[in-house]
Amino acid sequence: MNILVIVSHPDDEILGMGGTILKHSQKGDNIKIIFLATGITSRRKSNYTNSSSYEKIDSEYDKMSKEIKKLRNHAKKACQLVGVKNLMFYDFPDNEMDSISLLEVIKTIENEIQIFKPDIVYTHHFGDLNIDHRITFNATLTASRPYDSTIKELICFE
């Protein structure tokens, strides 16, 4: 069975449904996880600290790009612990996915669905407080519509 997990940020998959991912892995299911946003850049400051300013400072973004790589490596290690090696990282803006076209997010997810052909798709719950999580849910719901799809179930996690 093909299982596609669509999340906004690295760590959402483990915090939201790590046990379920492990269960699918132990059953021998083919699992792919896609991460849509970076998970860091909304802080506007490096060293994993938060700036109260919205202003983007190029020198900080250069430093944060290294932190993004490190975060992605940590995500890869965490996913390996639950038996998942098939990961895809995108660079949508962290905690600002509402600033880009929903259609762009939908098309990104549609492409992943077309390539991977999942039986089950997991994503964020529609009532989540985080804006990126809600955008991810809305885009996943639209991209998972039954038109010419292999998807049998769409399941949300909190």
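Up top is the structure.
Note that the structure is predicted; figures quoted are calculated from it, not measured.

Peer 1: Summarise the packing of helix 3 (residues 102-116) against helix 4 (residues 131-143); cite the residues concerned and give the values.
Peer 2: The N-to-C vectors of helix 3 and helix 4 enclose an angle of 55 degrees; their axes lie 8 Å apart at closest approach. In this view, helix 3 runs oblique relative to helix 4, as classed from their interaxial angle. Crossing angle aside, the handedness with which helix 3 passes helix 4 is right-handed. Across from Leu102, Val105, Ile106, Ile109, Glu110 and Ile113 in helix 3, the residues of helix 4 making contact are Ile135, Thr136, Ala139, Thr140, Thr142 and Ala143.

Peer 1: Report on the nonpolar core, specifying residues and quantitative values.
Peer 2: In this structure, Leu4, Ile6, Leu36, Phe92, Met97, Val105 and Ile109 are the most contacted members of the largest nonpolar core, which totals 18 residues. Considering each element in turn, this core owes the most residues, five residues, to helix 3. Once you skip the residues sitting within four places of it in the chain, Met97 turns out to touch Leu36, Ala37, Phe92, Val105, Asp132, Ile135 and Thr136. Ile3, Ile31, Tyr122 and Phe157 belong to the second-largest nonpolar core, a separate cluster that totals 17 residues.

How each quantity is defined
- Residues numbered from 1 in each chain as written.
- Predicted model: local features only at pLDDT ≥ 70, side-chain atom pairs only at ≥ 80, totals over all residues.
- Heavy atoms only, no water.
- Axes fitted to C-alpha atoms, helices over the stretch in contact; angles between N-to-C directions.
- Helix = DSSP H or I, 4+ residues; strand = E, 2+ residues; numbered from the N terminus.
- Parallel < 35°, antiparallel > 145°, perpendicular 65-115°, else oblique.
- Left-handed = near helix turned anticlockwise from the far one by under 90°.
- Contact = heavy atoms within 4.5 Å.
- Core = buried A, V, L, I, M, F, W, Y, C linked by side-chain atoms within 4.5 Å.
- Buried < 20%, exposed > 50% of the residue type's maximum accessible area, 1.4 Å probe, protein only.

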